[in-house]
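Okay, here's what each chain looks like letter by letter:
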Amino acid sequence: SPPADAPGSVPGPVRRNAVVLFLEMPLELKSILAQMHHLLQGQAPGLDAEQRLALLVLYASLQYRQAYSPWTQAASYLWSQVELWQGFKAQERLSRLTDSPKEALWELAGNIPYGGHILDSGDAEATRSLCQQCLAPSAHRMPGPGLPTLLAALQGSPGPGLSEEEAAATTQALIRQLPSPMEPAWVGLCNSLKGELAAGRSQAMLAALQVAQGLWQPRGPPSIPQRAALQELVGQGLEVVQELAGQLKECGWEVGVRGLPPKGQPRPKPRPLQRFLLEEAGGFLALLQQVQRDLQCGQEHLQGPPCSSPRCAAILHELEQGRVPPHWLRYTLASPPAPQAWLETLRCRCRLLCYYLKAQTGVPYRLAAFLHPRRLFLALRQETARAAKQELHCYALEQQVLPTMLPPSNAHDKGLCLTGLELRHAAWDMHSGQLKETLPAQSCQLPAIWVQATFRSWKTRPCVPTYQCPVFLGAPNAFVPLGSQQAIIHVALPCQMAPEVCAQQRVYAVSVLPEDNTSP
């Protein structure tokens, strides 16, 4: 924190001409604990008892985790002291109704007030795990660093013979002994998020300072260099989409909704996996044709009389600003890239789709290449059920992490192989074949994953703890929204730590496109 005489150390002329900016900074965990403990003095009897302090730690941890919500949650949640008071009241009533309220305490005093209104399943699972870890009996708590360390640092202090004033003073002294600032690992998050939070705060402050400058720029028609650059971009885009559309059409007449078989030949009925690939290629071809029409209209607008179409003017305006038009963004993985980079992603997708159409079986698939990747697994189940002449609901997906980054060379037709998965908030141990905690902020690559449809039956519980890791679509090292509805599939990954720890750290995987133009 800045020294108390910091305002007085600013020179007078600077202070008189300075602009006051308000930047909302999340409180540190230590400050939240100290502030709430001070405010509750005299209002919550027995505040320094073990169970009451557990509720206070849970409230402070959930509040502190909101600072990291852009990277660990699907949404931010505005909890207040109301949830904390509800927990105190539930704790008091449970102590009068039963002799052993600890089993129900974490549910009624923690999970219901804090997680009862959360709609996202991933956020709800993380909140439920935190409530259980703070409020469950000590014998049922998960071992390891994080919240158990914080609870042990605060709960073992006040003795039974101390008055409330003495117990409060002891707890405040223990809070002051906590490190400052506290690492995200204290609340069950990865320490690597600390750098991302600092970078986000710096960007927010820079944006506020730029707004405060009040720079004025005249608006007018684009200059000659800007217009020439826009014409070059439109021409380059036309060449790319025309080339890609031609490559797709070379894959066969089946590509596209209106594809017709050669004269005199009946239309064959494709297999489920082949039908999925044809539908994906047809949808991609439709997008290319739409982009081609838009760019041709924009080119005519730039070379001849102005076009009266609002769509054409809007597309040219977005391209001039260096943005991809919203009309084309249905095929964008993460935050919209620059138009040149977006054209490269189209080129990469087209290459992968042509590769899949020609091979169809025994090839590694990247989910990022598809517009509707969930249909790939539906087609796999349909194909397996059709081969066995069984109902579709009799089959479920089963995954296996392969011991190598490379896909198997002798892949059979009873499943498919997934590659190009980027693991975040955790690391993969190649020796043990398990998830492990990570210290650096860089993401790591997952090995190839074999997915097959198996007949539903009674399954034995695995010997090693397994975490159901959600898989999203994204770009390398780019921001990914963590809404559970956007998860493509959940992959069962063996883990060294408890699966609840993985849920708290919000471990997930991202399917990305290859960075070079050679690897599939």
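Residues numbered from 1 in each chain as written. Predicted model: local features only at pLDDT ≥ 70, side-chain atom pairs only at ≥ 80, totals over all residues. Heavy atoms only, no water.

> I'd like to hear about the overall build of the protein chain, residue by residue, with values.
The helix and strand tally for the protein chain stands at 17 helices and 11 strands. Within the protein chain, the fraction of its 520 residues that count as buried is 44%. Pairs at least 24 apart in sequence give 72% of the contacts found in the protein chain among residues at least 6 apart. Only carbon and sulfur atoms are counted for the fraction: they give 55% of the accessible area of the protein chain, which is about 28100 Å². (Helix = DSSP H or I, 4+ residues; strand = E, 2+ residues; numbered from the N terminus. Buried < 20%, exposed > 50% of the residue type's maximum accessible area, 1.4 Å probe, protein only. Contact = heavy atoms within 4.5 Å. Areas by Shrake-Rupley, 256 points an atom, 1.4 Å probe, with all protein chains shown as cover.)

> Give me the lowdown on the packing of helix α13 (residues 272–303) against helix α14 (residues 310–320), citing residues and values where you can.
Two elements in contact, α13 and α14, have axes whose closest approach is 9 Å; the angle formed by their N-to-C orientations is 85 degrees. Comparing their axes, α14 and α13 come out roughly perpendicular. Seen from α13, the contacting residues are Q290, D294, L295, C297, G298, H301 and L302; seen from α14, they are R311, C312, I315, L316 and L319. Looking at the contact of α13 with α14, its residues break down into seven nonpolar, three polar and two charged. (Axes fitted to C-alpha atoms, helices over the stretch in contact; angles between N-to-C directions. Parallel < 35°, antiparallel > 145°, perpendicular 65-115°, else oblique. Nonpolar A, V, L, I, M, F, W, Y, C, P; charged D, E, K, R; others polar.)

> Can you tell me about the nonpolar core, naming the residues and giving the values?
Y365, L367, L435, I449 and L493 are the most contacted members of the largest nonpolar core, which totals 77 residues. Of the residues forming this core, the biggest block, 12 residues, is contributed by α13. Once residues within four sequence positions are removed from consideration, L493 is found in contact with V401, W428, L435, L446, I449, P465, T466, Y467 and C469. Core analysis: the second largest hydrophobic core is formed by 48 residues, L29, A54, Y59 and A67 among them. (Core = buried A, V, L, I, M, F, W, Y, C linked by side-chain atoms within 4.5 Å.)

> Hey, could you go over the packing of α13 against helix α15 (residues 339–359) for me, with residue numbers and the actual values?
Look at α13 against α15: their axes get within 10 Å of each other, and the N-to-C directions meet at 150 degrees. By the criterion of interaxial angle, the relationship of α13 to α15 is roughly antiparallel. Judged by the sense of rotation from one axis to the other, the crossing of α13 with α15 is left-handed. Between α13, through L277, L278, E280, A281, F284, L287, L288 and V291, and α15, the contact on the second element is made entirely by W342, L346, R349, C350, L353, Y356 and L357. Grouping the amino acids of the contact of α13 with α15 by side-chain chemistry returns 13 nonpolar, no polar and two charged. (Left-handed = near helix turned anticlockwise from the far one by under 90°.)

> Would you mind going over the packing of aromatic side chains in detail, with residue names and values included?
Taken as a whole and assessed by the stated rule, the structure comprises 12 aromatic pairs. With a centroid separation of 5.4 Å and 15 degrees between ring planes, the pair formed by W328 and W342 is classed as stacked. Of the two residues, W328 is situated in the loop between α14 and α15 and W342 in helix α15; the sequence distance between them amounts to 14 residues. A ring pair is formed by Y355 and Y356, whose centres lie 5.9 Å apart and whose planes are at 50 degrees; its orientation type is tilted. Taken together through their ring pairs, the aromatic side chains of F276, Y355, Y356, Y365 and F370 make up a single cluster. (Phe/Tyr/Trp six-rings, centres within 6.5 Å; stacked < 30°, edge-to-face > 60°.)

> Break down the sheet that holds strand β7 (residues 444–445) for me, with residues and values.
Spatially, β7-β4-β11-β9-β10 is the arrangement adopted by the five strands of the open sheet, whose pairing is mixed. On the outer flanks of this sheet lie β7 and β10 (489–494), each paired with one strand and no other. In terms of strand pairing, strand β4 (residues 421–424) meets strand β11 (residues 508–511) through four bridges, oriented antiparallel. Counted as the bridge partner of L423 is A509 from β11. (Pairing = 2+ DSSP bridges.)

> Please set out the pairing of strand β9 (residues 466–473) residue by residue, giving values where relevant.
Most of β9 sits inside the fold, with six of its eight residues counted as buried. With six bridges joining them, β9 and β10 adopt antiparallel strand pairing. Note that in β10 the partner of Q468 across the bridge is A492.

> Summarise the pattern of salt bridges; cite the residues concerned and give the values.
Pairs can form between side chains of opposite charge once their charged atoms are near each other. Following the criterion strictly, the structure yields nine salt bridges and no others. Between R323 and E318 there is a salt bridge whose closest N-O contact spans 2.8 Å. Judged by relative accessible area, which is 17%, E318 ranks as buried. Residues joined by salt bridges that share partners form a network here, namely D120, D123 and R506. (Salt bridge = Lys/Arg side-chain N within 4 Å of Asp/Glu carboxyl O.)

> A description of helix α16 (residues 374–388) should follow, citing residues and the corresponding values.
Between its terminal C-alpha atoms α16 stretches 22 Å, which fits the 21 Å expected from 15 residues at 1.5 Å a residue. Looking at the packing, one finds that the buried side of α16 touches α13, β1 (364–365), β2 (395–401), β3 (415–418), β8 (449–455) and β10. Of the residues one or two after α16, K389 is the one with positive phi, at around 55 degrees. (Expected span 1.5 Å × (residues − 1).)

> Let's hear about the sheet that holds β3: which residues, and what values?
Spatially, four strands are ordered β1-β3-β8-β2 in an open sheet, and the strand pairing comes out mixed. The open sheet terminates on both sides in strands that have one partner only, identified here as β1 and β2. Bridge count between β1 and β3: two bridges; the pairing is parallel. Bridged to P364 within β3 is C417.

> Summarise the environment of Q485; cite the residues concerned and give the values.
With respect to the element layout, Q485 can be found in the loop between β9 and β10. On the basis of relative accessibility, which here comes to 76%, the residue Q485 falls in the exposed class. Residues Q485 and S121 lie 364 residues apart in sequence; the distance between their C-alpha atoms is 8.7 Å.

> Can you break down the state of the cysteines residue by residue, with the values?
One pass over the full model with this rule turns up zero disulfides. We note that C297 lacks a disulfide partner, and the nearest cysteine sulfur, in C312, lies 3.4 Å from it. Taking the relative accessible area as the measure of exposure, C297 reaches 22% and is therefore partly exposed. Not engaged in a disulfide, the cysteine C348 finds its nearest cysteine sulfur in C350; these two sulfurs lie 10.0 Å apart. (Disulfide = S-S within 2.5 Å.)

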